[in-house]
Amino acid sequence: MSSGGGLSRRRQPNGALHAGSAFEGGNKIAYDPRDLNEGDADAGGGAGLRGGRMPKLTIMEEVLLLGIKDKQGYLSFWNDNISYALRGCILIELALRRRIALVKDPNRRRSAVSERLVEVIDEKQTGETILDETLKMMKAQEATEKMAVGSWIDLLSGETWNVMKIGFQLKQVRERLAKGLVDKGVLRTEKRNFLLFDMATHPVADVRTKESIITRVEGVQCRAIRAVCLVCTAYTASVLDNAFGRLPYEEREAAFQRCDEILAEFVCWPFGGGSGSGGATAAGRRRQAAMIGTGGSGISGRDSVLGLVQEVRKESIGGDEDLGFELVAGVLEVLSKLDSLI
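Residues numbered from 1 in each chain as written. Predicted model: local features only at pLDDT ≥ 70, side-chain atom pairs only at ≥ 80, totals over all residues. Heavy atoms only, no water.

**Thoughts on the nonpolar core**
So, step 1. Formed by 85 residues in total, the largest nonpolar core has its most connected members in Val63, Leu66, Leu91, Ile100, Leu240, Phe271 and Leu327.
So, step 2. The leading source of residues in this core is helix H4 (residues 82-96), at eleven residues.
So, step 3. Contact partners of Leu327, with chain neighbours within four places excluded, come to Leu91, Ala95, Ile100, Ala101, Leu102, Val118 and Val149. (Core = buried A, V, L, I, M, F, W, Y, C linked by side-chain atoms within 4.5 Å. Buried < 20%, exposed > 50% of the residue type's maximum accessible area, 1.4 Å probe, protein only. Helix = DSSP H or I, 4+ residues; strand = E, 2+ residues; numbered from the N terminus. Contact = heavy atoms within 4.5 Å.)

What follows is the structure, given as structure tokens:
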């Protein structure tokens, strides 16, 4: 196979064939080299995000990695939110890669942002199996009808009474993401005995990668839409208890409160239209009330959060007419209601 077309293949010492590398010098996984250059190509046409090549990990993988216990290699058994949140992350990732956006209809503003219709704007494969599977389903569905942001998250999660649409459910998303992280050298696979059964677990193999993600969450002023999406989705997926476990109690509560403040500004469109007087989630409002009851400050640093909003706006294309970023706001609005949905 020529080096200029198809998949770029490399032969390993043991004779195994692999296609490309997710990390320089790291484990090899399959990818299309043309997709790694999509940032530069799209930038020339004005269709892609500014900022160059794609990140090493998708938002779904980062959220999952935050929730996995480092040594045990599994998620909390009591986490009911993460499966639904991961489906929202899939839509966010596709929107940030400029594959999907909201339908450009002047009348869409009459509906809540989560009820606005989604369309595929670029069918080009991403190289990520779950993303490509979802993109293909969404494109096929468009021939029949376009569906809203919230409807897509429900269908991908299997939350529907319509037996004709049960096929939209994505199966074993967590396990597939974990295996992808194993392929990328971030996790490893072990078998663990749980008294009555054996289960495959995935302890962290590359601690530095997870540490870098936690640092991004704790220092969210890195001023990027991906960082905002990571914070908001990880918060609604209830995986930050694991990530913030190192912090003292007061600092941990302040970190959760800041996450809620950030979410409140990004669940609306245009970004930054939150009231600033209450949390985005029921848990956030309870936390804020508890802080006030104990003599703490009820609102902490909204100015810095609004500064983050301004930085994110600089990354948009077309300002308030960026239909991809507007779709992200719709997903975050749906996820912010997880406490009442589940």
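**Focus on the packing of aromatic side chains**
So, step 1. A complete count under the given rule lists six aromatic pairs for this structure.
So, step 2. Taken together, a centroid distance of 6.5 Å and an interplanar angle of 40 degrees make the contact between Tyr235 and Phe256 tilted. In this pair, Tyr235 sits in helix H9 (residues 225-236) while Phe256 sits in helix H11 (residues 249-266), placing the two residues 21 residues apart along the sequence.
So, step 3. Here Phe244 and Phe256 contribute two aromatic rings whose centre-to-centre distance is 5.4 Å and whose plane-to-plane angle is 70 degrees, an arrangement assigned as edge-to-face. Taken as a pair, Phe244 in the loop between helix H10 (240-243) and H11 and Phe256 in helix H11 lie far apart in primary sequence, twelve residues in all. We note that Phe244, like Phe256, is buried.
So, step 4. Through a chain of ring-to-ring contacts, three or more aromatic side chains come together here, namely Phe266, Trp269, Phe271 and Phe325. (Phe/Tyr/Trp six-rings, centres within 6.5 Å; stacked < 30°, edge-to-face > 60°.)

**Quick word on the packing of helix H3 (residues 59-67) against H9**
So, step 1. Following both chains from N to C, one finds H3 and H9 inclined at 45 degrees, their axes separated by 10 Å at the closest point. Relative to H9, H3 is oriented oblique. Here the hand of the crossing between H3 and H9 comes out right-handed. Across the interface between the two elements, Ile59, Glu62, Val63 and Leu66 from H3 touch Arg226, Cys229, Leu230, Thr233 and Ala234 from H9. (Axes fitted to C-alpha atoms, helices over the stretch in contact; angles between N-to-C directions. Parallel < 35°, antiparallel > 145°, perpendicular 65-115°, else oblique. Left-handed = near helix turned anticlockwise from the far one by under 90°.)

**Structural notes on the side chain of Asp322**
So, step 1. Structurally, the position occupied by Asp322 is in the loop between helix H13 (302-314) and helix H14 (323-335).
So, step 2. Judged by relative accessible area, Asp322 falls into the buried class, the value being 2%.
So, step 3. For Asp322, the residues in contact, after removing those within four places along its chain, are Arg98, Trp269, Ser316 and Ile317.

**Examining the pattern of salt bridges**
So, step 1. Evaluation of the coordinates by the stated rule reveals 19 salt bridges.
So, step 2. Of the charged contacts, one joins Glu321 and Arg109 as a salt bridge, the two residues approaching to 3.2 Å between their closest N and O atoms. With Glu321 in the loop between H13 and H14 and Arg109 in the loop between strand S3 (100-102) and strand S4 (118-120), the pair connects residues that are 212 residues apart, well separated along the chain.
So, step 3. For Glu321, a relative accessible area of 44% puts it in the partly exposed group.
So, step 4. Salt-bridge contacts for Glu123 lead to Lys139; the nearest nitrogen and oxygen are separated by 3.8 Å. Placement of Glu123 in the loop between S4 and helix H5 (129-142) and of Lys139 in helix H5 is noted, with a sequence separation of 16 residues between them.
So, step 5. Residue class for Lys139 comes out partly exposed when judged on its relative accessible area of 32%.
So, step 6. If you follow the salt bridges from partner to partner, you end up with Arg108, Arg109, Arg116, Glu321 and Glu326 in one network. (Salt bridge = Lys/Arg side-chain N within 4 Å of Asp/Glu carboxyl O.)

**A closer look at H13**
In an α-helix, one turn spans 3.6 residues, which is why side chains three or four residues apart end up on the same side.
So, step 1. Under the 1.5 Å per step criterion, the end-to-end length of H13 is 19 Å for 13 residues, consistent within 8% with the ideal 18 Å.
So, step 2. Along H13, the residues that are buried comprise Val305, Leu308, Val309 and Val312. Burial along H13 is one-sided: seen end-on, the buried residues are contained in an arc of 105 degrees. Facing away from the buried side of H13, by more than 90 degrees, are the exposed residues Asp303 and Lys314. (Expected span 1.5 Å × (residues − 1). Arc of directions from axis to C-beta.)

**So, the environment of Ile166**
So, step 1. Along the chain, Ile166 falls in the loop between helix H6 (149-157) and helix H7 (173-183).
So, step 2. With eleven residues separating them along the chain, Ile166 and Leu155 place their C-alpha atoms 7.1 Å apart.

**Quick look at H4**
So, step 1. For H4, with 15 residues, the first-to-last C-alpha span of 20 Å sits near the 21 Å given by 1.5 Å per residue.
So, step 2. Two residues or fewer past H4, Arg98 is found with a positive phi of approximately 60 degrees.

**Remarks on the confidence of the model for the chain**
So, step 1. Per-chain confidence: the chain averages 79 in pLDDT, with 73% of residues scoring 70 or above.
So, step 2. Low pLDDT, under 50, characterises residues 1-49; the predicted model gives this stretch 79 contacts beyond four residues in sequence or across chains.
So, step 3. Contacts of residues 219-223 to residues separated by more than four positions or lying in other chains number ten contacts, the stretch itself having pLDDT below 50. (pLDDT = per-residue confidence, 0-100.)

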